[in-house]
Amino acid sequence: MRSALELFTTQGYERTTVDEIAEAVEVSQRTFFRYFASKEEVAFALQDAAESYFLTALNERPADEAPLTALRNAVMFVWDSIDRAIGETVPPELYLRMYRTIESTPALLAVHLRRSTEMEERLAQEVARREGLDIEADPRPRVLVAAFGGVMRLTGQLWGAGEDVSIEALRAVTVSYLDRIGPALAGDWRPHGP
C-alpha cells in the first residue's frame, strides 16, 4: 500500500496505473487484485483505518460526556495518536499527503464526500445510541453530526490549502473550528450598538 500511496501523492492518482503499483511492489496485477478491488480502494485504505479508529475512540468516550464534547475529544484523541491507527502501515506524514491528494483530485473528492455522508450516518447512530435516543424520532443526533462533519470537511480543506501540512497544524485548525460550533449555533449573530 505504501508504494501505491507514494505514487498517488507524487505523480497523481489519475496518472498512476495498477500496473505501476504492481511493478513498484514486485507483484503481478493479478496479485494486486487479490488484495484490492481497485486503486480507489487502495487510495482510501488509510481513511478506512482512521475512521474505524475514530469510531472506536468515540465509542470509548465516557458515557456522561455531552455529544459534541465526545465527538471533539474522540477526534482530538485520533489526531494525537494517529500513528497507532496507521503508523505500522505508513508514516503519518504520508497519510496527510494522501489526504491532500484526495482533496485535490476530483474523482477522489467525489468518493470522499459520499464516504463522509455515510460516516456521518454511522456517527449519528452512535450519538443516538450513547444518548438513548430514537434517531428516527429525534433529529438532534443527525443535526449535531452534520455540523460536526461540516466543520471536519472545512478544516480539512483549510489545512489542505495551507503551507503547514503537519498533524499539529491540522489539529490546531480543527480545535479552533470545533470550539466554535456551540457558540455559532446558539449565539446571537446580530451586531449590537450604534
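Structural notes, computed from the coordinates. (Residues numbered from 1 in each chain as written. Predicted model: local features only at pLDDT ≥ 70, side-chain atom pairs only at ≥ 80, totals over all residues. Heavy atoms only, no water.)

Overview of the environment of Glu40
As a reminder of what qualifies: Put simply, DSSP H or I for four residues or longer makes a helix, DSSP E for two residues or longer makes a strand, and each gets a number counted from the N terminus. By the convention used here, residues are in contact when the closest approach between their heavy atoms is within 4.5 Å.
Position of Glu40 relative to the elements: it lies in helix α4 (residues 39–43). In the structure, Glu40 is positioned 71 residues away from Val111 in sequence and 8.8 Å away in space, judged by C-alpha atoms. Apart from residues no more than four positions distant in its own chain, Glu40 is found in contact with Tyr13, Val111 and Arg114.

Considerations on a nonpolar patch on the surface
Selection rule: Note on patches: the residues involved have over 30% relative accessible area and no salt bridge, like charges join within 9 Å, and the nonpolar side chains Val, Leu, Ile, Met, Phe, Trp and Tyr join within 5 Å. Surface exposure here means Shrake-Rupley accessible area, sampled with a 1.4 Å probe, where a residue is shielded only by the protein chains that are shown. Salt bridge criterion: a side-chain nitrogen from Lys or Arg within 4 Å of a carboxyl oxygen from Asp or Glu. For the exposure calls, accessible area comes from a 1.4 Å probe over protein chains only, and a residue counts as buried if that area is under 20% of its type's maximum, exposed if over 50%, partly exposed in between.
A surface patch of nonpolar side chains, amounting to about 230 Å² of accessible area, comprises Leu154, Leu158 and Tyr177. Tracing the sequence through the fold places Tyr177 in helix α11 (residues 167–178). A residue is classified by how much of its surface remains accessible, and Tyr177, at 32% relative accessible area, is partly exposed.

Focus on the packing of helix α8 (residues 92–104) against helix α10 (residues 140–161)
What counts here: Think of each axis as a best-fit line through the C-alpha atoms, taken over the contacting stretch in the case of a helix, with angles from 0 to 180 degrees between the N-to-C directions. If an angle is under 35 degrees, it is roughly parallel; if it is over 145, roughly antiparallel; if it lies from 65 to 115, roughly perpendicular; otherwise it is oblique. In the scheme used here, Gly and all other residues not listed as nonpolar or charged are polar, with Ala, Val, Leu, Ile, Met, Phe, Trp, Tyr, Cys and Pro taken as nonpolar and Asp, Glu, Lys and Arg as charged.
Viewed as axis vectors pointing N to C, α8 and α10 meet at an angle of 105°, and their least axial separation amounts to 10 Å. One element, α8, and the other, α10, form an angle in the roughly perpendicular class. Of the residues in α10, those in contact with Leu96, Tyr99, Arg100 and Glu103 of α8 are Met152, Gly156, Gln157, Trp159, Gly160 and Ala161. In terms of residue class, the contact of α8 with α10 is built from five nonpolar, three polar and two charged.

Things to note about the pattern of salt bridges
By the definition in use, this model includes 14 salt bridges. When the shortest N-O distance is used, the salt bridge between Arg97 and Glu93 registers 2.6 Å. In this pair, Arg97 and Glu93 both sit in helix α8, four residues apart, roughly one turn of the helix. Under the relative-accessibility criterion, Glu93 is labelled partly exposed at 42%. Across the pair Glu121 and Arg142 runs a salt bridge whose closest N-O atoms are separated by 2.8 Å. Taken together, the residues Glu121 in helix α9 (residues 106–131) and Arg142 in helix α10 connect sequence positions 21 residues apart.

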